[in-house]
Amino acid sequence: MSQETVKIYIDDREIEAPKGKTVLQVALENGIEVPYFCYHPSLPIAGACRMCVVYWEDINRLVIACNLPVQDGMKIRTHRTSELVREQQKYLLQALMTRHPLDCPVCDKAGECDLQNLGALYGPQKQIVPVSPLEKERHQHDWESEFLEYYSNRCVVCYRCTRTCDEVVQARALYVDERGFHSNIAPAERPLDTSSCEMCGACVAVCPVGAILSKPFKFQTRSWLLEKAYATCTLCPVGCNLRLDYGTGGWRAKERLYRVLPDESLRVCARAFFGYDAVNEKRLRRPVLNGSPAESEQAVNYLKEALKKPSAFVLSAYLPLELIRLAKELALKTGAYLSAPQTEDFFLAADRLPEAELPSPEDFKEAELVVVVGDDLTGTAPVLSYGLKKPVYRVGRVTRDAKLKPGTLELDELKNLTGKALVVLTPHYYERPDEVAEKLNRLCREKGWKLRLLPKEPNALGLYRELRQEASGFLNLLDLIKEGRVKTLVLFGEEALEFTPKDRLEQLLKNLEHLVVVSPFTDGLASKAHLAVPTNLLGEQEGTFLTCGGPAELKPVLPWAFDELSFWRSVLEEAEERKEKPERLPYRGGVARRAYLYAYGWIAERSVNLKKLARKNHEAR
């Protein structure tokens, strides 16, 4: 069914516009420039800044375009054809500039500031009102945060930050204090770092000026010196779209990732916004053999010989499908055991369901109520909790800030709920997730409800679908290593440390003749390996992840990415085939894990920012 349209005229240009859209939306979609501050495509209309003023000929008056629905035959004039509109926009910009400090040289927003840009394009080019910005200084609010900083004099009071916090994230951590000229954005609680604020950074991303800043990014570089690229986040299973700002070396900016921002959907959490620093530190960029840097050919030859011994591969749920398939093919060719730590929780639960699936945005839209069984939704996959305004019930741990206001139930009480429910099970929360999954599957069949699994890791579903026929239980594999029946272990990532104590794992690894660790980092388990092979992180990965939004096809956008697919193809080609195939080892479970907003896994442990946030919130509880 085609959408109903109306015919409107903007600056004498005839446009077919979808009914229900605003004049501002139609203008922007058709390449007609209309300046604004408070409008954002992912936020409700506020009409606060008045900057998008246009002239409506039919009623002979100025109106704001952001809050004006299109009407058939209406005639609109912008600053291009109306002197009245131009004068009004100049007046508004002059009013803002009168109290705005002219500190562009030291402001981090310089070069991407809407006030700076619009002032140059539409504002008066000389001082009209004889008042200095210093004579109009507003009271400075201290947010008492180590991560976010607010400059009251730079604020244009567009309400983007408060609307984002209230309507998108639902943390309700910010509000507007005072009225009129004395308006300020203030935290609902201080210190901000341990309040209901989730430190997602969306308020920084939507601020059109330099009023709200990220302290870790402050004074690091200039926006125009950075390259920009878009990538899918691979830190949890949601798969948010992010903008990565990075330097390429030389005089412009160091070769590193400087910041991470959301796209227009504003779907971002602290893990990406502040956890990006893990991408920069202690990175493994080339193979290291027996403590010395090595060429890829040397590493391939070492693996070729090492895999002639009784071997095992332990894969990671942070890998793309293509790399998982290569490792699986290599393990099958060399007669090696094939396993993953997630066999002891996600695999156990998934095997008890007709088809394991992740909760999709459509699932949340269609549901009348949501039941979270196990871990905190705001900790496991924070963005899934954004905009969730339906009744939520919990079986398990209470939420960090209770923004969802969940009702608490026992597992056996779920049968008393009525309505169309989406049940989300986090398998890592339980020692026996298979038993919980079986009970929930039976209940959901009877009730006609949807049952979905939500792991901690970004590609646990992809890992399961690739390995479910061949994978051995990880904990039983550790027993074989202890008995000396495995001589070569190829270990991807460090999830193993979440399933067994570090000292026990390190003792077991001493029984190996060849320990190969595939890691993004030089420290941790990689420092104990005979051979350490690089793997990639956010913005560097190539391949497919099965996310809550469906399959995400990733391309490396950061120029220093290691070509890991080519490396493992070379290993597969060189490896000698073994006819002996090991028997599959059963899964046994018995390990319960947790996912916290700032401390959720081995990658987060490398982030100085996230570790500090986790420590502060732990001490505050």
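Everything below is about the structure shown above.
Predicted model, so just to flag it, every value in this text is computed and none were measured.

## Here we look at the overall build of the chain
When helices and strands are tallied, the chain shows 17 helices and 26 strands. Taken against the 2.2 N^0.38 rule, which gives 25 Å for 621 residues, the C-alpha radius of gyration of the chain at 28 Å falls within 12% of a compact globule. The principal-axis extents of the C-alpha atoms in the chain amount to approximately 85 × 65 × 50 Å. A total of 621 residues make up the chain; the buried ones form 59% of that total. Put simply, 71% of the contacts in the chain that link residues at least 6 apart link residues at least 24 apart. Counting only carbon and sulfur atoms, one obtains 48% of the accessible surface of the chain, whose full area is about 26,200 Å².

## Focus on the side chain of Thr343
Mapped onto the elements of the fold, Thr343 is located in the loop between strand 16 (337–339) and helix 9 (346–350). Taking relative accessible area as the criterion, Thr343 reaches 0% and is therefore assigned buried. A polar side-chain atom of Thr343 sits 2.8 Å from the main-chain carbonyl oxygen of Ala340. Once you skip the residues sitting within four places of it in the chain, Thr343 turns out to touch Leu348, Ala471, Ser472, Gly473, Phe474 and Tyr587.

## Quick look at the sheet that holds strand 19 (residues 407–408)
Read across the sheet, five strands follow the order 19-18-17-20-21 without closing on themselves; strand pairing throughout is parallel. Each edge of the open sheet carries a strand with a single partner, namely strand 19 and strand 21 (450–453). Bridging between strand 20 (residues 421–425) and strand 21 involves four bridges; their strand directions are parallel. Paired with Val423 across the strands is Leu451, a residue of strand 21. Of the strands in this sheet, strand 17 (369–374), strand 20 and strand 21 are in contact with helix 12 (residues 433–447), which crosses strand 20 at around 170°.

## What about the state of the cysteines?
This structure, assessed with the given rule, holds zero disulfides. Cysteine Cys240 remains unbridged, with the sulfur of Cys233 as its closest cysteine sulfur at 6.1 Å. Judged by relative accessible area, which is 8%, Cys240 ranks as buried.

## Side note on the nonpolar core
One finds Met199, Phe313, Val373 and Trp568 to be the most contacted residues of the largest nonpolar core, which totals 164 residues. It is helix 8 (residues 321–334) that contributes the most residues to this core, seven residues altogether. Non-local contacts of Met199, meaning those with residues more than four positions away in its chain, are made with Ser145, Phe147, Leu148, Leu192, Asp193, Ala270, Phe274, Tyr598 and Leu613. Core analysis: the second largest hydrophobic core is formed by 27 residues, Leu478, Leu508, Val517 and Leu585 among them.

## Brief notes about helix 16 (residues 564–574)
Turning to helix 16, its buried residues are Glu564, Leu565, Phe567, Trp568, Val571 and Leu572. For helix 16, the angular spread of buried residues about the axis comes to 160°, placing them on one side.

## Remarks on the pairing of strand 8 (residues 184–187)
What you see with strand 8 is no split at all: Asn184 and Ala186 on one side and Ile185 and Pro187 on the other are buried throughout. Pairing analysis gives four bridges linking strand 7 (residues 174–177) to strand 8, with the strands arranged antiparallel. Bridge pairing in strand 8 links Asp177 to Asn184. Counting the residues in the hairpin turn of strand 7 and strand 8 gives six residues, including Glu178, whose phi is positive at 65°.

## A closer look at the sheet that holds strand 1 (residues 5–10)
Taken in spatial order, the five strands of this open sheet run 2-1-5-3-4, and their pairing is mixed. Edge positions in the sheet fall to strand 2 (13–18) and strand 4 (61–64), since each has one partner strand and no second. Taken pair by pair, the neighbouring strands of this sheet meet at an average axis angle of 40°, ignoring direction. Here helix 2 (residues 83–99) sits on the sheet and contacts strand 3 (53–56), strand 4 and strand 5 (75–77); the angle it forms with strand 3, its principal contact strand, is near 155°.

## Observations concerning the packing of helix 8 against helix 16
Direction vectors running N to C along helix 8 and helix 16 enclose 15°, while the axes themselves pass 10 Å from each other. In terms of axis orientation, helix 8 runs roughly parallel to helix 16. Note that helix 8 runs across helix 16; the crossing there is left-handed. Packed against helix 8, whose contacting residues are Glu322, Leu323, Leu326, Glu329, Leu330 and Lys333, the element helix 16 presents Glu564, Leu565, Trp568, Arg569, Val571, Leu572 and Glu573 at the interface.

## Remarks on the environment of Leu330
Looking at where Leu330 falls in the secondary structure, it is placed in helix 8. On the basis of relative accessible area, Leu330 is assigned to the buried category, the value being 1%. In this structure the C-alpha to C-alpha distance between Leu330 and Glu605, which are 275 residues apart in sequence, comes to 30 Å. If we skip the residues at most four places from it in the chain, Leu330 touches Leu307, Phe313, Trp568, Val571, Leu572 and Ala575.

## Section: the packing of helix 8 against helix 13 (residues 460–467)
It is the contact of helix 8 with helix 13, at a shortest axis distance of 10 Å, that shows an interaxial angle of 30°. As far as their axial angle goes, helix 13 and helix 8 are roughly parallel. Handedness of the crossing formed by helix 8 with helix 13: right-handed. Along the contact surface, helix 8 presents Leu321, Ile324, Arg325 and Lys328, while helix 13 presents Gly462, Leu463, Glu466 and Leu467. Of the residues assigned to the contact of helix 8 with helix 13, the class counts are four nonpolar, one polar and three charged.

## Some thoughts on unusual backbone geometry
Residue Pro191 is bonded to the preceding Arg190 through a cis peptide linkage, with omega at -5°. Counting through the fold element by element, Pro191 comes out in the loop between strand 8 and helix 5 (202–206). Even without a glycine there, the phi angle at Asn60 is positive, about 60°. Relative to the helices and strands, Asn60 is located in the loop between strand 3 and strand 4. Judged by its relative accessible area of 56%, Asn60 falls in the exposed class. Even without glycine at this site, Val157 takes up a positive phi of about 50°.

Rules used throughout
- Residues numbered from 1 in each chain as written.
- Predicted model: local features only at pLDDT ≥ 70, side-chain atom pairs only at ≥ 80, totals over all residues.
- Heavy atoms only, no water.
- Helix = DSSP H or I, 4+ residues; strand = E, 2+ residues; numbered from the N terminus.
- Rg over C-alpha atoms; globule rule 2.2 N^0.38 Å.
- Buried < 20%, exposed > 50% of the residue type's maximum accessible area, 1.4 Å probe, protein only.
- Contact = heavy atoms within 4.5 Å.
- Areas by Shrake-Rupley, 256 points an atom, 1.4 Å probe, with all protein chains shown as cover.
- Polar contact = N/O pair within 3.5 Å; in protein donor to acceptor, adjacent residues only side chain to side chain.
- Pairing = 2+ DSSP bridges.
- Axes fitted to C-alpha atoms, helices over the stretch in contact; angles between N-to-C directions.
- Disulfide = S-S within 2.5 Å.
- Core = buried A, V, L, I, M, F, W, Y, C linked by side-chain atoms within 4.5 Å.
- Arc of directions from axis to C-beta.
- Parallel < 35°, antiparallel > 145°, perpendicular 65-115°, else oblique.
- Left-handed = near helix turned anticlockwise from the far one by under 90°.
- Nonpolar A, V, L, I, M, F, W, Y, C, P; charged D, E, K, R; others polar.

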